Amino acid sequence: MIVRLGFVAMSLQVENASPSRTMTFANFSKLDDREAGIRKLERIAEENLRSTLRILKHCKASGIQMYRFSSKLIPLATHENLLEWNPFAALAPSFQEVGEYAQKNGIRVSFHPDHFCVFSTPRPEVLAKSELDLLHHTLMLEAMGLDEATKCNIHIGGAYGDKAVAGERFIRQFSALSPRFKHRITLENDDKTFNARETLEAAEQVEVPMVLDIHHHAVNHGDVSEDELYNGIWPRIERTWQKERERLGFTSASQLPCKIHASSPKSVSDPRGHADFVEAEPLVHFLRQAARSTEYLDCMLEAKSKDEALFKLMDDFKQMEQSGAGVKVLDGGRIEIDAHH
């Protein structure tokens with residue numbers, strides 16, 4: 001099985017390249033000239049997109065083929081007092097350049113809208129905000145010229161006192177979205193509420209691919225045994241991706257591999273928190289099992305040390321390769337896992 005590894009938003013190695021520079025609404029409100037304020041927001045967004053392009057070039061130079069964009073590319077983009085502002089005309093060339101670079105260099109990119117993008121909510125105003133947030137992320141992907149193979153990853157949301165009812169509400173409210181939004185989504189199990197089995201059932205019902213977060217699964221396993229995970233749940237997760245590939249007209253799993261998230265617990269006292277780096281052994285344990293049925297897999301690292309965590313993990317994989325652990329390092333961001341090791 002070929003595994004590509006990626007990192008989230010910030011690079012710790014590329015200097016002065018934050019893709020999330022912002023301005024608070026309080027500071028925006030203090031400006032006398034609203035138009036000048038909007039131009040300033042667009043300039044900050046322009047800088048964020050320039051930084052994003054620099055990080056993508058760093059990925060290319062390092063052999064990394066997977067990257068998650070910052071959701072904060074455009075400051076105040078969905079603020080209720082700026083809804084009449086359309087930043088995309090001014091930012092079109094920069095968005096296009098980012099999208100073209102990712103496509104040309106085979107870098108799989110994605111978004112992960114913030115935790116307030118929840119479709120299990122009982123509150124109409126929160127649902128409206130979630131839809132607005134999804135529209136914003138979709139507009140960014142469309143401005144980059146990226147097709148529906150490029151996804152936004154979300155959680156189901158909260159339980160609001162009754163998880164079964166909340167799950168049904170998610171299915172109803174998500175299903176009411178237009179295909180333009182639904183076809184941009186992957187669904188991920190979370191660390192507190194909806195476990196892997198429950199998330200998979202929802203993903204199958206609304207017909208979107210599922211992203212398995214193996215750290216979330218470890219802290220919120222919902223009594224799913226290892227046997228059920230590897231022999232029951234994982235093959236079904238694979239099928240959600242296979243269906244999506246068929247919908248998109250893809251003929252090979254390499255065109256849209258299954259995707260997982262990996263991170264390590266911050267500490268014994270904070271098992272849900274993310275550590276700076278990712279432990280190789282638990283990840284390889286999962287990958288070996290997945291490799292029995294999966295040819296290609298993409299793994300997003302959610303570590304505090306961003307790209308440095310990826311580089312350290314690749315060094316750990318090199319040591320495993322030398323010790324004959326059935327791991328082969330292919331380049332700066334890919335490994336091959338031997339299922340039969």
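The coordinates are above.
Residues numbered from 1 in each chain as written. Predicted model: local features only at pLDDT ≥ 70, side-chain atom pairs only at ≥ 80, totals over all residues. Heavy atoms only, no water.

Chemist: Can you help me understand the overall build of the protein chain in this one?
Modeler: Regarding its fold elements, the protein chain presents eleven helices and ten strands. Its C-alpha atoms give the protein chain a radius of gyration of 20 Å, near enough to 20 Å, the size a compact globule of 341 residues would have. By principal-axis analysis of the C-alpha atoms, the protein chain measures approximately 65 × 45 × 45 Å. Classification of the 341 residues of the protein chain by burial places 54% in the buried group. (Helix = DSSP H or I, 4+ residues; strand = E, 2+ residues; numbered from the N terminus. Rg over C-alpha atoms; globule rule 2.2 N^0.38 Å. Buried < 20%, exposed > 50% of the residue type's maximum accessible area, 1.4 Å probe, protein only.)

Chemist: How should I be thinking about the environment of Leu 41 in this particular structure?
Modeler: With respect to the helices and strands, Leu 41 occurs in helix α2 (residues 34–62). Judged by relative accessible area, which is 0%, Leu 41 ranks as buried. Once the C-alpha coordinates of Leu 41 and Thr 150 are considered, the two residues, 109 residues apart in sequence, prove to be 26 Å apart. Those residues in contact with Leu 41 that lie beyond four places of it in its chain are Met 23, Phe 28, Pro 75, Leu 76, Leu 82 and Trp 85. (Contact = heavy atoms within 4.5 Å.)

Chemist: How do you make sense of the pairing of strand β4 (residues 152–155) when you look at a structure like this?
Modeler: When a strand is regular, its side chains alternate between the sheet's two faces. Side chains Cys 152 and Ile 154 project from β4 onto one buried face, and the interleaved Asn 153 and His 155 project onto a second face that is buried too. The sheet contact formed by β4 and strand β5 (residues 185–188) spans four bridges and is parallel. Residue His 155 lies in a different strand from β5, and its bridge partner there is Glu 188. (Pairing = 2+ DSSP bridges.)

Chemist: Any chance you could explain helix α3 (residues 88–104) here in plain terms?
Modeler: Note that an α-helix has 3.6 residues per turn; residues three or four places apart therefore point the same way. With 17 residues, α3 should cover 24 Å at 1.5 Å per step; its first-to-last C-alpha distance of 22 Å lies within 8% of that length. Where α3 bends most, at Ser 94, the angle is about 35 degrees. Listing the buried residues of α3 in full gives Phe 88, Leu 91, Ser 94, Phe 95, Val 98, Gly 99, Tyr 101 and Ala 102. Buried positions along α3 lie against α2, β3 (108–110) and α4 (124–143). A positive phi of about 65 degrees marks Gly 106, the residue just after α3. (Expected span 1.5 Å × (residues − 1). Bend = angle between axes of the 7 residues up to and from the residue.)

Chemist: I keep staring at the nonpolar core and nothing clicks. Help me out?
Modeler: The nonpolar side chains of a soluble globular protein tend to be buried with one another. Of all hydrophobic cores here, the largest spans 102 residues; its most connected members are Phe 286 and Phe 317. Here this core gets nine residues from one element, more than from any other, and that element is α2. When residues no more than four places from it in sequence are discounted, the contact partners of Phe 317 are Leu 5, Ala 280, Leu 283, Val 284, Val 327, Val 329 and Ile 335. (Core = buried A, V, L, I, M, F, W, Y, C linked by side-chain atoms within 4.5 Å.)

Chemist: Explain the packing of aromatic side chains to me, please; I cannot follow it from the model alone.
Modeler: Evaluated as defined, the whole model comprises nine aromatic pairs. On the basis of an interplanar angle of 20 degrees and a centroid distance of 5.3 Å, the ring pair of Phe 170 and Phe 174 is categorised as stacked. Within this pair, Phe 170 and its partner Phe 174 are both found in helix α5 (residues 163–175), separated by four residues, close to a single helical turn. What makes Phe 170 buried here is its relative accessible area of 0%. Overall, the relative accessible area of 1% leaves Phe 174 in the buried class. (Phe/Tyr/Trp six-rings, centres within 6.5 Å; stacked < 30°, edge-to-face > 60°.)

Chemist: Quick question: what am I supposed to make of the side chain of Arg 288 here?
Modeler: Position of Arg 288 among the secondary structure elements: in helix α10 (residues 280–290). Despite its burial, Arg 288 pairs with no opposite charge, the nearest such side chain being Glu 281 at 5.4 Å. Ignoring sequence-local partners within four residues, the contact set of Arg 288 consists of Ala 325, Ile 337, Asp 338, Ala 339 and His 341. (Lys, Arg positive; Asp, Glu negative; His and termini not counted. Salt bridge = Lys/Arg side-chain N within 4 Å of Asp/Glu carboxyl O.)

Chemist: What exactly am I supposed to notice about helix α11 (residues 306–322) here?
Modeler: With 17 residues, α11 should cover 24 Å at 1.5 Å per step; its first-to-last C-alpha distance of 25 Å lies within 8% of that length. All of the buried residues in α11 are Asp 307, Ala 309, Leu 310, Phe 311, Leu 313, Met 314, Asp 316, Phe 317 and Met 320. Next to the buried residues of α11 lie β1 (2–8), α2, α10, β8 (296–301), β9 (327–329) and β10 (334–337). Downstream of α11 by a residue or two, Gly 324 has a phi angle that is positive, lying close to 75 degrees.

Chemist: Could you clarify how one ought to interpret the environment of Phe 28 in this entry?
Modeler: Its place among the elements puts Phe 28 in helix α1 (residues 25–30). It is 37 Å that separates the C-alpha atoms of Phe 28 and Leu 310, two residues lying 282 residues apart in sequence. Leaving out residues up to four positions away in the same chain, Phe 28 has contacts with Met 23, Arg 34, Gly 37, Ile 38, Leu 41, Leu 76 and Leu 82.

Chemist: Before we go on, may I ask you to explain the environment of Met 320 in this structure?
Modeler: When you line up the elements, Met 320 lands in helix α11. Residues Met 320 and Glu 281 lie 39 residues apart in sequence; the distance between their C-alpha atoms is 9.3 Å. Discounting chain neighbours no more than four positions away, the residues touching Met 320 are Ala 280, Glu 281, Val 284, Ala 325 and Val 327.

Chemist: In this structure, what is going on with the pairing of β1? I would like to understand it.
Modeler: The element β1 is extensively covered by neighbouring structure, given that seven of its seven residues are classed as buried. By the bridge criterion, five bridges tie β1 to β8 in an arrangement that is parallel. Following the sheet pairing, Ile 2 is matched in β8 by Tyr 296. Relative to β10, β1 runs antiparallel, the two being bridged by three bridges. Of the residues in β10, the one forming a bridge with Arg 4 is Arg 334. Inspection of the sheet shows β1 paired to strand β2 (residues 66–68) by two bridges, in the parallel sense. Residue Val 8 lies in a different strand from β2, and its bridge partner there is Arg 68.

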